[in-house]
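Structural characterization, general
Spelled out from the first residue to the last, the chains are:
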Amino acid sequence: MDTGYTVAQLRAAAADAVRAPSLHNTQPWRLRLRDGGIELSVDRTRRLPATDPSGWGARIACGAALFNLRLSLAVAGTPAKLRLRPYPAEPDVMARLVPDDAPRPPTPAERSLYAAIPRRFSNRAPFWPDPVPAEARWRLGEAARAEQCWLELVIGTTAVNAFAEIARSAHRVLERDPGYRHERAEWIRREPSPDGVPAAAGGPQSEPQDLLPMRGFGGRNRAPGRDFEPEPLVAVLGSAGNTTTDQILAGQALQRVLLTATDAGLSVSMLSQPIEVPGAREALRLSLGRFGTPQMVMRIGYGQPGVATPRRDIDDVLDLPVSVAPATGLPTPS
Ligand SMILES: Cc1cc2nc3c(=O)[nH]c(=O)nc-3n(C[C@H](O)[C@H](O)[C@H](O)COP(=O)(O)O)c2cc1C
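Residue positions are given per chain, counting from 1 as you read along its sequence in written order. Local features in this predicted model are restricted to residues whose pLDDT is 70 or higher, and side-chain atom pairs enter the listing and the counts only when it is 80 or higher, whereas totals over whole chains, interfaces and linings include all residues. Think of the side-chain values as coming from all heavy atoms in the structure, minus any hydrogens and water.

Bringing the packing of aromatic side chains into the picture now. Between two aromatic rings, the relevant description is the distance of the centres plus the angle of the planes. Working definition: rings of Phe, Tyr and Trp (its six-membered ring) pair if their centres are within 6.5 Å, and the pair is stacked with planes under 30 degrees apart, edge-to-face with planes over 60 apart, and tilted otherwise. This model, assessed by the stated rule, comprises zero aromatic pairs. One cation-aromatic arrangement involves Arg-299 over Phe-127; the distance from NZ or CZ to the ring centre is 3.8 Å. Sitting over a ring, as applied to charges here, requires NZ of Lys or CZ of Arg to be within 6 Å of the ring centre and within 35 degrees of the ring normal.

Let us look at the layout of surface pockets. For cavity detection a 1 Å grid was placed over the protein atoms alone, and a set of points counts as a cavity when a 1.4 Å probe fits there but cannot get out; an open set counts as a pocket when protein lies on both sides within 12 Å along at least five of seven lines, with lining residues being those that have an atom within 4 Å of a point. Grid points are joined across faces, edges and corners, and a volume is the space filled by probe spheres set on the points. Size it by volume and the largest pocket reaches roughly 850 Å³. Lining the largest pocket are 45 residues; nearest its centre among them are Ser-122, Asn-123, Arg-124, Ala-201 and Ser-269. A run of H or I in DSSP counts as a helix once it spans at least four residues, and a run of E counts as a strand once it spans at least two, with each numbered from the N terminus. Elements represented by at least two residues in the lining of the largest pocket include exactly helix H2 (56–75), strand E7 (197–198) and strand E9 (267–270). Under the convention adopted here, Pro, Cys and the residues Ala, Val, Leu, Ile, Met, Phe, Trp and Tyr are nonpolar, Asp, Glu, Lys and Arg are charged, and Gly plus all remaining residues are polar. Within the lining of the largest pocket, the residues separate by chemical class into 24 nonpolar, 14 polar and seven charged. Shared between two domains, the lining of the largest pocket takes at least three residues from each, and those domains are domain 1 (7–118 + 321–333) and domain 2 (121–301). Roughly 320 Å³ of volume is contained in the second largest pocket. Along its surface, the second largest pocket is lined by 22 residues, and Val-160, Pro-230, Glu-231, Pro-232 and Leu-233 are the ones closest to its centre. Boundary definitions for the domains trace back to an automatic or database domain assignment.

To continue, consider the domain arrangement of the protein chain. One frequent convention defines the size of an interface as the accessible area lost when the parts assemble. Its domain assignment divides the protein chain into domain 1 (7–118 + 321–333) and domain 2 (121–301). The C-alpha-based centres of domain 1 and domain 2 are spaced at 24 Å. Considering only the side of domain 1, the residues that lose the most area to domain 2 are His-24, Trp-56 and Ile-60, jointly responsible for 25% of the buried surface there. One speaks of a salt bridge when a side-chain nitrogen belonging to Lys or Arg is within 4 Å of a carboxyl oxygen belonging to Asp or Glu. Joining domain 1 to domain 2, the criterion identifies two salt bridges. The closest approach of N and O atoms between Glu-147 and Arg-70, which form a salt bridge, is 2.9 Å. Distance and chemistry together define a polar contact, namely a pair of N or O atoms within 3.5 Å, with one atom able to donate a hydrogen and the other to accept it when in protein, and with adjacent residues in sequence counting only for side-chain atoms on both sides. Between domain 1 and domain 2 we count twelve residue pairs in polar contact (both at pLDDT 80 or more) in total. Sorting the residues of the side of domain 1 that touches domain 2 by element identifies H2, strand E3 (80–84) and helix H3 (108–116) as the ones contributing at least two each. The element best represented in the side of domain 1 that touches domain 2 is H2, accounting for ten residues. For the side of domain 1 that touches domain 2, the class distribution of residues is 18 nonpolar, eight polar and four charged. Defined in terms of a 1.4 Å probe, buried area is the accessible area two parts forfeit on being brought together, summed over both.

Here, strands pair whenever DSSP counts at least two bridges between them. A sheet is described by the order of its strands in space; here five strands give the open sequence E3-E4-E2-E1-E11, paired in mixed fashion. Sheet topology places E3 and strand E11 (318–319) at the edges, where each strand pairs with a single neighbour. Bridge analysis of strand E1 (residues 29–34) against E11 gives two bridges, and the strand direction is parallel. Looking across to E11, one finds that Leu-31 is bridged to Leu-318. We call two residues contacting when some pair of their heavy atoms lies within 4.5 Å. Axis angles are defined between N-to-C directions and span 0 to 180 degrees, where every axis is a line fitted to C-alpha atoms and, for a helix, only to the segment in contact. Of the strands in this sheet, E1, strand E2 (37–42) and E11 touch helix H1 (residues 7–17), which is tilted by about 165 degrees from E1. The sheet strands contacting helix H7 (residues 244–263) are E3 and strand E4 (93–99), and the helix crosses E3 at an angle near 140 degrees.

Residue burial is assigned from relative accessible area. The probe radius is 1.4 Å, only protein chains are included, and a residue is buried under 20% of its type maximum, exposed over 50%, and partly exposed in between. Within strand E10 (residues 293–301), nine of the nine residues are buried, leaving the element largely enclosed by the surrounding structure. Note that strand E8 (residues 233–239) and E10 share seven bridges and pair antiparallel. When the sheet's bridge partners are listed, Gly-238 is paired in E10 with Pro-294. When E9 meets E10, the two strands line up antiparallel, connected through four bridges. In the strand pairing of E10, Met-270 is matched with Met-298.

Picture the strands of a sheet paired through backbone hydrogen bonds; they go either parallel or antiparallel. Across the sheet, which stays open at both edges, the four strands sit in the order E5-E8-E10-E9 with antiparallel pairing between neighbours. Strands with a single pairing partner mark the edges of an open sheet, and in this sheet they are strand E5 (150–154) and E9. Across the sheet, the mean angle separating the axes of adjacent strands is 30 degrees when strand polarity is ignored. Sheet topology note: the E5/E8 ladder contains five bridges and is antiparallel. Bridging across to E8, Leu-153 finds its partner in Ala-235.

So this is what it looks like as structure tokens:
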């Protein structure tokens, strides 16, 4: 195929890309069409300075959006060739996608993952105690490997307790920072809003007996007697290194794991406190005993139904070329 993508194709794929997860639902991405290619950039104005000083979280979110973008284009029959960080002089451009020379129909696996995009959401409520079957665990690991990352399941009471200790201490470190607390409070939404975390999605208030520290998003009080699952399945997603490119790869792998979980009927919530505190991240890496860098922690299980959180209108994330309408003199998207 020698023609590029069209604005209509960009708009359709962008609607899927923005369903990706992001820190506090900040949605730190922009999309545009340039020379027939769809380009995804990180939106620095939507990075969280206190929670995400290095920009790691924004790049993970962009990687996740990129995975949805690839999937969307493939399922539409116009799969993409991908280049990560295509312009050294424009470091905010995370990826450029051009139509593959050899179009092909989507695979059944792509169709299933694509169908999971609107069904996925962060489920912060307690899960049922039922264990995640071995076949599903294997699929989650394969999803990470398919995107050049790894997924380590934290198995056994001793290992889960050791992880919980690291996570709780990271949580305490973060909670001592007024800037971090202020930022989180600012992104909790009690009225309908196109971004931020709706209080209803924030999960229940934490209780002293909780094993894992949940980031508090102003959630509802816990139903009496309702505790979190006693043996959570904790999974750590990691990449080979920790460059910007590694983080974009990890974001893609994260989204592939999340969609694979959704497709398998599983719920997931993310816990990134032990990633955000450098000492905790290193302790986590050492506890796993493997090379590479942990990039995200997930709690996986069977959850109750919930709803997807809102997103900004795609017109707010697209940079379309503008031309001037002759009749009005007003700029119009071309
Ligand atoms: C890099 C990153 C870190 C995150 N960290 C947490 C976390 O520590 N706790 C949490 O409850 N959710 C976390 N999330 C989930 C976001 O809050 C969530 O994706 C966002 O609010 C949008 O909601 P959705 O996932 O339901 O679409 C994280 C997401 C990303 C991409």
